[in-house]
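What follows is each chain in one-letter form.
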Amino acid sequence: MTFETILLDKQEGVGLITLNRPDALNALNSKLLEELGEALLALDADADIGAIVVTGSEKAFAAGADIKEMSGLSFADVLKKDMFAEINSVFARVRKPVIAAVSGYALGGGCEIAMACDFIIAAESAKFGQPEIKLGVIPGIGGSQRLTRLVGKSKAMDMMLTGRMMDSAEAERSGLVSRVLPTEDMLDGAMEVASSIADLSAPSVALAKEATNRALETTLAEGLLFERRAFHSLFATEDQKEGMSAFIEKRQPQFKNC
Ligand code: CO8
C-alpha cells in the first residue's frame, strides 16, 4: 500500500502509522483521514499484527482538522459529505488495540483522533487542546463527547469554551493520557507497550477492549453481564489453558491466539 500523507510500518507484531504532513503540522485533510482509515482497517485485518500505534512528529501529533481545506465550505457541503463521520466509524470497527503516541501539539481534530484511540501515551512535550471555539466552530470528530468522558464535565467545558492547551502533566493528572514518557523515549516506549500487548492472547485482548468500551456505552448491570459472559467464553480457548498452566509451571506462556 502506498500513501501520500501517512507512513505505514510493521515491527514485531505492531503496526505503526505515522501522520506525515510536516509542512502543515499534520493537519488532518480529507486525504489524510481517508488514508488513516484505510491503514487502520488494513492493520486490523492483518493476522501478523496484534496492536497498532498512531503517532505524528516530534512537533505535532496533529494540529487539527485542515483549516485551509475547511474554511470555504458551506453548511450544505459539510452536511452532504457528513464530514468526519467515516473516521469515527473506522475507529469503532477496529478490534485490535490502538495506542496514540503523542508528542507536541494534539489540537482540535488531532486531540480527537488521539482520544478515538484506545489509550494515549504522551511525551513530556505533548500539548492537548480543543481550540475550535476560537475559529467559530466546535469539535467535530468527537471532542465534546470523548473529552467529557475522559476528564469530566468541568475540565472539558474549560478546555472547549476557552480553547486553552493542557500540558502533559495536567493531561496525565486529568486521566486524558495513561502515561507520560520523556520526549526522546516516547515512541520507543509506546512501541514496547504495543509489542507487549501483541504478545498476549488475541482473543482475550479483543474481549478486554470490547468489555472496557462497554463501560462507556451501557448500564453497570449490562456491562457486568457482558464482562462475565466474555470472561466465561475465554475458557473455550486453548490460550486460557496455556496461560494458566504457564503460571502454575512458572514459565512464559506461548499463546496461539485460539
Ligand atoms: N490546518 C491547516 N494548516 C495548519 C493547521 C491546521 N489546523 N495548523 C497548522 N497549520 C499550518 C500553518 O498554516 C503553517 O503553514 P504555512 O507555513 O504554510 O503558513 C504551518 O502549519 C506551521 O504552522 P505555524 O506557523 O502556525 O506553527 P507555530 O509553531 O507558529 O504554531 C500551532 C503551532 C499553535 C499549533 C498553530 O499552528 C495553530 O494554532 N494551529 C491551528 C490549531 C487549531 O486551531 N486547530 C483546530 C482546527 S479545527 C478542528 O480540528 C476541528 C474542526 C471541527 C469542525 C467540524 C465541522 C463539521
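Conventions used here
- Residues numbered from 1 in each chain as written.
- Predicted model: local features only at pLDDT ≥ 70, side-chain atom pairs only at ≥ 80, totals over all residues.
- Heavy atoms only, no water.
- Helix = DSSP H or I, 4+ residues; strand = E, 2+ residues; numbered from the N terminus.
- Expected span 1.5 Å × (residues − 1).
- Contact = heavy atoms within 4.5 Å.
- Domains from an automatic or database assignment.
- Buried area = accessible area lost by both parts, 1.4 Å probe.
- Polar contact = N/O pair within 3.5 Å; in protein donor to acceptor, adjacent residues only side chain to side chain.
- Nonpolar A, V, L, I, M, F, W, Y, C, P; charged D, E, K, R; others polar.
- Near = heavy atom within 4 Å.
- Pairing = 2+ DSSP bridges.
- Axes fitted to C-alpha atoms, helices over the stretch in contact; angles between N-to-C directions.
- Parallel < 35°, antiparallel > 145°, perpendicular 65-115°, else oblique.
- Left-handed = near helix turned anticlockwise from the far one by under 90°.
- Salt bridge = Lys/Arg side-chain N within 4 Å of Asp/Glu carboxyl O.
- Buried < 20%, exposed > 50% of the residue type's maximum accessible area, 1.4 Å probe, protein only.

J.: Would you mind going over helix H1 (residues 30–44) with me for this structure?
T.: Each α-helix winds once per 3.6 residues, and so residues spaced three or four apart point in a common direction. For H1, spanning 15 residues, the distance from its first C-alpha to its last is 21 Å, which sits close to the expected 21 Å at 1.5 Å a residue. Summarising the contacts, the buried residues of H1 are in contact with strand S1 (6–11), strand S2 (14–19), strand S3 (51–55), helix H4 (85–93), strand S5 (98–102) and helix H5 (109–116).

J.: What is the right way to read the domain arrangement of the protein chain from this model?
T.: Much of the literature gives interface size as the accessible area that the parts lose upon coming together. Here the protein chain is described as being made up of domain 1 (6–199) and domain 2 (202–249). In this structure, domain 1 and domain 2 have C-alpha centres spaced 27 Å apart. Taken over both partners, the interface formed by domain 1 and domain 2 buries close to 530 Å², and the fraction arising from carbon and sulfur atoms is 47%. By the criterion of area lost to domain 2, the three top residues of domain 1 are Arg 95, Asp 118 and Arg 149, representing 69% of everything that side buries. Applying the counting rule to domain 1 against domain 2 returns four residue pairs in polar contact (both at pLDDT 80 or more). Taken together, the residues that form the side of domain 1 that touches domain 2 break down as four nonpolar, no polar and four charged.

J.: Help me understand the site of the ligand in this model?
T.: The environment of the ligand is formed by 22 residues, the closest being Lys 59, Ala 63, Ala 65, Ile 67 and Gly 109. Between the ligand and Ile 67, the relevant distance is 2.9 Å, taken from a nitrogen atom to a main-chain nitrogen or oxygen of the residue. Taking Lys 68, its side chain carries an N or O atom lying 3.0 Å from an oxygen atom of the ligand. At the level of secondary structure, the elements contributing two or more residues to the shell around the ligand comprise helix H2 (67–70) and strand S6 (105–107). Per-element tally for the shell around the ligand: the top contributor is H2, with three residues. Partitioned by chemical class, the residues of the shell around the ligand number 13 nonpolar, four polar and five charged.

J.: Sorry if this is basic, but what is going on with the sheet that holds strand S9 (residues 165–167) here?
T.: Sheets are built from strands paired through backbone hydrogen bonds, the pairs being either parallel or antiparallel. Read across the sheet, four strands follow the order S4-S6-S8-S9 without closing on themselves; strand pairing throughout is mixed. Only two strands of the sheet have a single neighbouring strand rather than two, namely strand S4 (60–62) and S9. Across the sheet, the mean angle separating the axes of adjacent strands is 20° when strand polarity is ignored. Examined bridge by bridge, strand S8 (residues 127–129) and S9 share three bridges and lie antiparallel to one another. The residue of S9 that forms the bridge with Lys 127 is Asp 167. On top of the sheet, H5 reaches S4, S6 and S8; it is set at about 90° to S6, its chief contact.

J.: Would you mind going over the packing of H1 against H4 with me for this structure?
T.: Geometrically, a packed helix pair is captured by the angle between its two axes and the distance between the axes. Two elements in contact, H1 and H4, have axes separated by 10 Å at closest approach and are oriented at 15°. In terms of orientation, H1 lies roughly parallel with respect to H4. Relative to H4, the crossing made by H1 is left-handed. Residues Leu 33, Leu 36, Gly 37, Leu 40, Leu 41 and Asp 44 of H1 form the contact with H4, whose own contacting residues are Ile 87, Val 90, Phe 91 and Arg 93. The residue inventory of the contact of H1 with H4, partitioned by class, reads seven nonpolar, one polar and two charged.

J.: What's the story with the pattern of salt bridges in this structure? I'm lost.
T.: A side chain with one charge may pair with a side chain of the opposite charge, provided their charged atoms come close. Using the criterion set out here, one finds 12 salt bridges in the structure. Among the ionic pairs, Asp 66 bridges to Arg 21, the shortest N-O distance being 2.8 Å. Taken together, the residues span a long stretch of sequence, with Asp 66 in the loop between S4 and H2 and Arg 21 in the loop between S2 and H1 at a distance of 45 residues. The exposure class of Asp 66 is buried, given its relative accessible area of 9%. A network of salt bridges, in which partner residues are shared, links Lys 155, Asp 158, Arg 164 and Glu 170.

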